[in-house]
Amino acid sequence: MRNPLPPVPGKLLELEVSDDLRRGTPLATLIAAPSEEDGDAGLAEIGGVRPTGKAGDVQTVPTGGVRWLAGVGDGEPKQYRKAGAALVRAVSSALEDDVKAGQKAFRAFAVELPEDAGAEHVEELAFGLLLGGYRFTVTAEEPKPSLRTVRLITRHEHAADALERVRELAAAAAFARDLANTPSNVKTPAWLAETAVRVAGGIPNLTVTARDEKWLAEQGFGGVLAVGGGSAAPPRLIELEYRPRGAKTHLLLVGKGITFDTGGLSIKPADGMHLMRTDMAGGAAIIAAVRAIAALRLPVKVTALVPAAENHVSGSSYRPGDIVRHYGGKTTEVGNTDAEGRMVLADALVYGIKKHKPDAVIDAATLTGAMKVSLGVRTGGVFATDDALAERVTKAGERVGEAWWRMPLLEDLAETVQGSLGDVRQAPGGPGGIVAALFLREFVGDVPWAHLDIAGPARADKTYADVVPGATGFAARTLVELVASYA
């Protein structure tokens, strides 16, 4: 099997900005939909095709200088993202068709933007172009011909500056997708740790340390060891430290790194178990985000922890009814071995807060199926002990095209997570997303904390906007933008 992870994390199309078209480069034009006053008469034919202008609608032009017409709807920036994603998929398909027909492969195309397109439109279009054509395959076949460059034809004077930030954000999302999509026969906890170490190499002020099972046992990481105890692949703690000079704010990011989740002895149904390779999507988002934060040289001190384990079934699996002692001494009554994410996060939260004393803590995890029921599969849930932090998360998401909704930490349910044999109960019943967040709150003390439950939007089963089926990389962009807001 070829290593499914690209040698360069988040390797994407190159984007160029120009005010003219290079000769021989296939051209796409962005078209806005007609207003109600204009009706169909508002759009003239181009090369024998009358464009619809509907956002995400791409039409092929058989004759003339323009080969594709891509609709941007009412012209709102978010429609440009949809148009860019649909366009890059259509152009990639045309490239494959040309090669099959024996024609010379083109590796670049140009997109002509409307004159009134501003920096925000350019950014959103770039997100769509960079991520809409994402692919992940592990195959013996030769790679399909692929695009290399997109030239944006615009006279906007700040377009090139706008793209610098977008490139890193899109690369973070793509890298998080790569990590989460990697099959679990490759992606053991050790592999994930080694990959994090490798991709941090050469990036200034960023270091990564991988802690093995012996270190975890010596330090008392009972939650991580319990969850990982049923697998032949031992657990790891991945610790990333970004230390820029002069930083005044220190943030702790923690991500669930369950590289495969059978549910343990409380085993999952077979139908959806194959998707559990993405159960470390929170950890993937954290690793990818920290790499981007360091690459952007944001002046904020960041520590990130990814407790990585495989929740498997064997004679050494942890059991319902066990009492597990976490890092720091607090004990948990195990009720359901499939509620493993909160077990590993509890260890990492206490360790990170005690060792690093951050100003705020944010964790990200595909934690509960209940959140898919509550918010669907395109919106992440935010639980927070601090109103300002919750607002920072949601606003950061808005700026990068990821939707978040704040969920309540209901105090009348807080007593349900209190234990009788142990300090706390892991799976007490009740509204799943809320009680899971209340359980985690027991391990964060007084530090401002936000818990991001991404069980819904971390995976997709169909294409929409810049998302394709598989891991979405959700939360990586939000985390980078969140850290940037402290700069």
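Just so we're clear, the structure is a prediction, and the values are computed from it rather than from any experiment.

Enquirer: Got a minute to help me understand the sheet that holds strand β6 (residues 149-153) in this structure?
Expert: Within a sheet, neighbouring strands are paired by backbone hydrogen bonds and run either parallel or antiparallel to one another. Ordered by their spatial adjacency, 6 strands build an open sheet running β1-β6-β5-β2-β4-β3, and the pairing between neighbours is mixed. A single partner strand is all that each edge strand has here, and the edge strands are β1 (14-18) and β3 (58-60). Across the sheet, the mean angle from the axis of one strand to that of its neighbour is 25°, orientation sign disregarded. Pairing of strand β2 (residues 27-31) with strand β5 (residues 108-112) involves 3 bridges; the strand directions are parallel. Looking at the pairing, Leu27 lines up with Ala110 of β5.

Enquirer: Would you take a moment to explain the domain arrangement of the chain for this structure?
Expert: Bring the parts together and some accessible area is lost; that lost area is often taken as the interface size. Examined at the domain level, the chain breaks down into domain 1 (14-156) and domain 2 (170-485). The C-alpha centroid of domain 2 is placed 36 Å from the C-alpha centroid of domain 1. Contacts between the two partners involve 12 residues from domain 1, matched on the other side by 17 residues from domain 2. Put simply, domain 1 and domain 2 have 1 salt bridge between them. One salt bridge connects Asp466 with Arg81, and the closest N-O pair in it is separated by 2.9 Å. Across the contact surface, domain 1 and domain 2 share 6 residue pairs in polar contact (both at pLDDT 80 or more).

Enquirer: What is the right way to look at the environment of Thr379 in this model?
Expert: With respect to the element layout, Thr379 can be found in strand β15 (residues 379-384). For the pair Thr379 and Glu123, spaced 256 residues apart in the sequence, the C-alpha separation amounts to 21 Å. Setting aside its immediate chain neighbours within four residues, Thr379 contacts Ala403, Trp404, Trp405 and Pro457.

Enquirer: Sorry if this is basic, but what is going on with unusual backbone geometry here?
Expert: Phi is mostly negative for residues that are not glycine, and the peptide bonds are mostly trans. Unlike most non-glycine residues, Lys357 shows phi in positive territory, near 50°. With respect to the element layout, Lys357 can be found in the loop between α8 (341-356) and β14 (360-365). Of note, Ala465 is a non-glycine position whose phi angle comes to about 45°, a positive value.

Enquirer: What am I meant to see in a positive patch on the surface here?
Expert: Judged by side-chain charge, Lys54, Lys82, Arg378 and Lys462 come together as a positively charged surface patch. The residue Lys462 is located in the loop between β19 (459-460) and β20 (470-471) in this model. Residue Lys462 is classed as exposed on the basis of its relative accessible area, which comes to 51%.

Enquirer: Before we go on, may I ask you to explain the side chain of Thr394 in this structure?
Expert: Its place among the elements puts Thr394 in helix α10 (residues 387-400). You can call Thr394 buried: its relative accessible area is 17%. Among the polar contacts made by the side chain of Thr394, one reaches the main-chain carbonyl oxygen of Glu391 at a distance of 3.0 Å. In this structure, Thr394 is in contact with Val382 and Trp404, ignoring residues within four places of it in sequence.

Enquirer: Is there a simple way to explain the UniProt feature "binding site: Mn(2+) 1" (unreviewed entry) in the chain in this structure?
Expert: Following the UniProt record, one finds the feature "binding site: Mn(2+) 1" (unreviewed entry) at Asp261, Asp338 and Glu340. The greatest C-alpha distance among the residues just named is 8.5 Å, despite their covering 80 residues of sequence, which places them together in space. When you line up the elements, Asp261 lands in strand β10 (residues 257-261). A relative accessible area of 1% places Asp261 in the buried class. Aside from chain neighbours lying at most four places away, what touches Asp261 is Lys268, Met273, Met276, Asp279, Asn311, Asp338 and Glu340. Reaching out from Asp261, the side chain makes a polar contact with the backbone nitrogen of Gly263 at a distance of 2.8 Å. Within the element layout of this structure, Asp338 appears in the loop between β13 (331-333) and α8. Judged by relative accessible area, which is 24%, Asp338 ranks as partly exposed. Sequence-distant contacts of Asp338, that is, excluding residues within four places in its chain, are made with Asp261, Gly263, Ser266, Lys268 and Asn311. At 3.0 Å, the side chain of Asp338 forms a polar contact with the side chain of Lys268.

Enquirer: In this structure, what is going on with the packing of aromatic side chains? I would like to understand it.
Expert: Two aromatic rings are characterised by how far apart their centres lie and by the angle between their planes. Within the structure shown, the criterion is met by 9 aromatic pairs. Ring geometry for Trp404 and Phe474: centres 4.8 Å apart, planes at 50°, overall tilted. Pair noted here: Trp404 is in strand β16 (residues 403-406) and Phe474 is in the loop between β20 and α12 (476-485), with a separation of 70 residues, a long-range link. Take Trp404: its relative accessible area is 9%, and that puts it in the buried class. Over the face of the ring belonging to Tyr134 we find Arg177, whose NZ or CZ atom lies 5.2 Å from the ring centre. The ring of Trp215 has Arg211 lying over it, and the distance from NZ or CZ to the ring centre is 4.7 Å.

Cut-offs used in this document
Residues numbered from 1 in each chain as written. Predicted model: local features only at pLDDT ≥ 70, side-chain atom pairs only at ≥ 80, totals over all residues. Heavy atoms only, no water. Pairing = 2+ DSSP bridges. Helix = DSSP H or I, 4+ residues; strand = E, 2+ residues; numbered from the N terminus. Axes fitted to C-alpha atoms, helices over the stretch in contact; angles between N-to-C directions. Domains from an automatic or database assignment. Contact = heavy atoms within 4.5 Å. Salt bridge = Lys/Arg side-chain N within 4 Å of Asp/Glu carboxyl O. Polar contact = N/O pair within 3.5 Å; in protein donor to acceptor, adjacent residues only side chain to side chain. Patch = residues over 30% accessible without salt bridge, like charges linked within 9 Å, V, L, I, M, F, W, Y side chains within 5 Å. Areas by Shrake-Rupley, 256 points an atom, 1.4 Å probe, with all protein chains shown as cover. Lys, Arg positive; Asp, Glu negative; His and termini not counted. Charge placed at Lys NZ, Arg CZ, Asp CG, Glu CD. Buried < 20%, exposed > 50% of the residue type's maximum accessible area, 1.4 Å probe, protein only. UniProt positions renumbered as here; feature names shortened; annotations may be inferred. Phe/Tyr/Trp six-rings, centres within 6.5 Å; stacked < 30°, edge-to-face > 60°. Lys NZ or Arg CZ within 6 Å of the ring centre and 35° of its normal.

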